[in-house]
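The chain contents come next:
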Amino acid sequence: MGDSQSCSRCQGPSTVGFLEDKGERGSINASRVLSWISGAAKTGPLGGAKVLGKERLPVTAYRCEACGHLDLFVH
Ligand SMILES: [Zn+2]
């Protein structure tokens, strides 16, 4: 797939990007690409999602320049 994509809502030109995961507070290199995790979310007693051993894929987000619609893809 290239860097251009048509909006699924209005067929306008969309720009590739990604959703940032800020990660731990105070960490300098904390920014990560938001991940898609397989399976329903199960949270532990501290509110954190249990993701160990689950499939994890980076989320690609296409933003429509015409209407602002966001199309999310996981490859
Ligand atoms: Zn659009």
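Because the structure is predicted, anything quoted here is derived from the model rather than measured. (Residues numbered from 1 in each chain as written. Predicted model: local features only at pLDDT ≥ 70, side-chain atom pairs only at ≥ 80, totals over all residues.)

(A) Quick look at the overall build of the protein. Across its full length, the protein carries zero helices and seven strands. Along the protein, helices and strands appear, N-terminal first, in the series β-β-β-β-β-β-β. Counting only residues that meet the buried cut, the protein has 4% of its 75 residues in that class. Sequence-distant contacts in the protein: of pairs separated by 6 or more residues, those separated by 24 or more amount to 49%. (Helix = DSSP H or I, 4+ residues; strand = E, 2+ residues; numbered from the N terminus. Buried ≥ 20, exposed ≤ 12 C-beta atoms within 10 Å, placed from the backbone. Contact = placed C-beta atoms within 7 Å.)

(B) How the structure looks around the pairing of strand E7 (residues 70-74). Sheet topology places strand E6 (residues 56-64) next to E7; five bridges connect them, and they run antiparallel. What sits directly across from Tyr62, in E7, is Asp71. Adjacent in sequence and paired antiparallel, E6 and E7 are bridged by five residues, among which Gly68 carries a positive phi angle near 80°. (Pairing = 2+ DSSP bridges.)

(C) Main features of the confidence of the model for the protein. Across the protein, pLDDT averages 87, with 88% of residues at or above 70. The secondary-structure element of the protein with the lowest mean pLDDT is strand E1 (residues 4-6), recorded at 84, while E7 shows the highest, at 96. (pLDDT = per-residue confidence, 0-100.)

(D) Representation of the pairing of strand E2 (residues 13-18) in the model. For E1 and E2, the ladder comprises three bridges, and the chain directions are antiparallel. Residue pairing across strands places Ser4 opposite Thr15, the latter belonging to E2. Between E1 and E2, which pair antiparallel one after the other, the connecting turn spans six residues, and Gln11 there sits at a positive phi close to 65°. With five bridges connecting them, E2 and E6 associate as antiparallel partners. Across the sheet, the residue bridging to Ser14 is Cys64, located in E6.

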